[in-house]
Amino acid sequence: MAVALVRKMDRATRLAVPFATTLVCAVLAKVPQALPDLAPIAPVLPLVAVYFWTIFQPRLLPPVAAFAAGLLYDAVTGQPFGLYAGLFTAVHWLVSEQHRHLLGQTVAVLWASFALIAAATIGSGWLLAAIFHWSLADPLLPFCQAAATGFSFPPLFWLLSRCEAVVVER
Amino acid sequence: MVRWTTGATALVYVTMSRTSADRPRPDYRPPLTASNVFKRLGYLVLIALAAAFMVLAKADTRLVDGISLEVSQVAAPLADGLARPVEEMVDAVEAIRRVTALNAENERLRAERDQLFQWQAVARRLEAENTALRKLLNAVPDGSTLFVTARVLADTSGAFARSELVNAGEEEGVARGQTVVAAGGLVGRVVGVSSHAARVLLISDLNSRVPVLVGTQRLRAILAGDNSDQPKLLYLPPHADVSVGDPVVTSSEAGVFPADIPVGVVATADAAAVTVSPFVSPGGEPFVRIIDYRPAVLMRPPPAADGGHGEARPGHPEDKERQQR
């Protein structure tokens, strides 16, 4: 009886890993507080998580989860509420449509396609924020943020791969 | 083929071997089944919901700010835990840097102290003169200011917004529109409040507009944030004589900010724009004070001549509310 319960809990915990790691990535946006100069160009880490899990475990990160992670990210970073929720959902859609092309590719190809998606997402975010505030912000900051997000891909990919191993192997 | 780390590459190969058998051919197109249509419809609904949140945020800022703050507050303990190791690391680096620069800093502080003694003498003389002149004119004292000191929970600045989250909210008497200052000067204004947290719009944010007085001539202007570290001065009088280093302080003209809170100094003054270098750098202060400023004209009866902090204000609507609580 107890063993069955532990197994059930273990399974539930493992299935929650993709959503949990995406949420942690969203909350990590608060960490640059310790490095105030870097806050505006901090990488959009949950984007990597949404991209990764949509490719490798799409069933464990449904569109609603990407949307929720986006809302949390918007709340934590003080962006217009709903901005990244919509963008993460759009990325989820785009990646799931291209799922069969991306699955099984090398890290380099995945990184290159992620870089394109990150640039498009952050660029769209900048444009939507400009429409929202009806004023153009400095375009250099989103450019740096997109670059930082692109460079955050390899280490985060490695970490998420380890997490995926936990989800899959047992 | 690029190899990053053996672990990651191996995992990709594992993924390949695990999934390639199930992988459909590249020319395969999924059939237009009901579940596919529902899936796409789901995406459209979520994107429309996100757009609705943004439109609502524009129409009713209080409601959406409230939701955003509540969500942010839930994540605060986890974020603090994650931020701690980074903070410790930055503190350690800063401590080492300070020790190495100790001698030079001592010399600089000595020189600064000598200069401040001179300023102290000038200030005392001016204070005495000010008091005497106020008595002579029977001047109405400035508005009452109550304040709450709060810790900055997070610098929530992003590429498109500059704001901070502080750990004082409605329960502590914080309300929208209140002024936020730090030891150095003006930080910003409260734009959203939840029960135990508030969001502060920094003066560098795109949406920030602060009425200010510039230089010793006290020229009126509006300090407008543009998401850069040096906000601009707008609506200066034509041919205004502004030069680099002129002090910028708040103006109480609109009844929003208390008068004469230091904001910064003029950083550049050319034909294109006049920019200000603020005294308080965003995210640089661990604690801030939130000032509940009320202009003197709103108070019945007028306060005591000592400018009394925290005196009762009979008839003031917020005081009535507090008494009822």
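The structure reproduced in this document is the subject of the present report.

Let us now look at the sheet that holds strand E11 (residues 274-278) of chain B. Residues and elements named next belong to chain B. Spatially, six strands are ordered E6-E7-E8-E11-E10-E9 in a closed barrel, and the strand pairing comes out antiparallel. Each strand of the sheet is rotated relative to its neighbour by a mean of 45°, with strand direction disregarded. Bridge count for strand E6 (residues 209-214) against strand E7 (residues 219-224) is six bridges, and the pairing is antiparallel. Within E7, the position partnered with Val 212 by the bridge is Ala 221.

Below, the discussion takes up the nonpolar core. Within the largest apolar cluster, 62 residues are counted, with the highest numbers of intra-cluster contacts made by A:Tyr51, A:Ile55, A:Tyr84, A:Phe88, A:Leu110 and A:Phe153. Looking at this core, the elements that each hand over two or more residues are helix H1 (2-27), helix H2 (45-56), helix H3 (63-77), helix H4 (83-97), helix H6 (107-133) and helix H8 (153-169) of chain A together with helix H2 (34-59) and helix H3 (61-100) of chain B. Those residues in contact with A:Tyr51, other than ones at most four positions away along the chain, are A:Val95, A:Leu102, A:Leu110, A:Ser113, A:Phe114, A:Ile117 and A:Phe153. Of all hydrophobic cores here, the second largest spans 20 residues; its members include B:Val214, B:Leu233, B:Val248 and B:Val263.

It is worth spelling out the pairing of strand E10 (residues 262-269) of chain B at this point. All names here are of chain B. As judged from the three bridges shared by strand E9 (residues 247-250) and E10, these two strands associate in the antiparallel manner. Pairing of Val 248 across the sheet is with Gly 264, part of E10. Sheet topology note: the E10/E11 ladder contains five bridges and is antiparallel. Pairing of Gly 264 across the sheet is with Pro 278, part of E11. Between E10 and E11, which follow one another and run antiparallel, lie four residues.

Here we take up the packing of aromatic side chains. Describing an aromatic ring pair means giving the distance of the ring centres and the angle of the ring planes. Under the counting rule described, the total for this entry stands at 14 aromatic pairs over all chains. Between A:Tyr73 and A:Phe88 the ring centres are 6.0 Å apart and the planes differ by 40°, which places this aromatic pair in the tilted class. Of this pair, A:Tyr73 sits in helix H3 while A:Phe88 sits in helix H4, and the two are 15 residues apart along the sequence. With respect to class, A:Tyr73 is no different from A:Phe88; both count as buried. Judged by centre distance (6.5 Å) and plane angle (75°), the ring pair of A:Trp111 and A:Phe151 falls under edge-to-face. Remark: A:Phe151 occurs in helix H7 (residues 140-151) and A:Trp111 occurs in helix H6; sequence separation between them is 40 residues. A relative accessible area of 61% places A:Phe151 in the exposed class. Within the aromatic cluster, the residues linked to one another by ring pairs are A:Tyr51, A:Phe52, A:Trp53, A:Phe56, A:Phe114, A:Phe153 and A:Phe157. B:Lys58 extends its terminal NZ or CZ atom over the ring of A:Phe132, reaching a point 4.8 Å from the ring centre.

Another aspect to go through is the packing of H2(B) against H3(B). Residue and element names in this part refer to chain B. Running from N to C, H2 and H3 cross one another at 120°; their axes reach a closest spacing of 6 Å. Our classification of the angle between H2 and H3 gives oblique. Contacts between H2 and H3 involve Phe 53, Leu 56, Ala 57, Lys 58 and Ala 59 from the former and Thr 61, Leu 63 and Val 64 from the latter. For the contact of H2 with H3, a count of residues per class yields six nonpolar, one polar and one charged.

Analysis parameters
- Residues numbered from 1 in each chain as written.
- Chains lettered and ligands numbered in written order.
- Predicted model: local features only at pLDDT ≥ 70, side-chain atom pairs only at ≥ 80, totals over all residues.
- Heavy atoms only, no water.
- Pairing = 2+ DSSP bridges.
- Helix = DSSP H or I, 4+ residues; strand = E, 2+ residues; numbered from the N terminus.
- Axes fitted to C-alpha atoms, helices over the stretch in contact; angles between N-to-C directions.
- Core = buried A, V, L, I, M, F, W, Y, C linked by side-chain atoms within 4.5 Å.
- Buried < 20%, exposed > 50% of the residue type's maximum accessible area, 1.4 Å probe, protein only.
- Contact = heavy atoms within 4.5 Å.
- Phe/Tyr/Trp six-rings, centres within 6.5 Å; stacked < 30°, edge-to-face > 60°.
- Lys NZ or Arg CZ within 6 Å of the ring centre and 35° of its normal.
- Parallel < 35°, antiparallel > 145°, perpendicular 65-115°, else oblique.
- Nonpolar A, V, L, I, M, F, W, Y, C, P; charged D, E, K, R; others polar.

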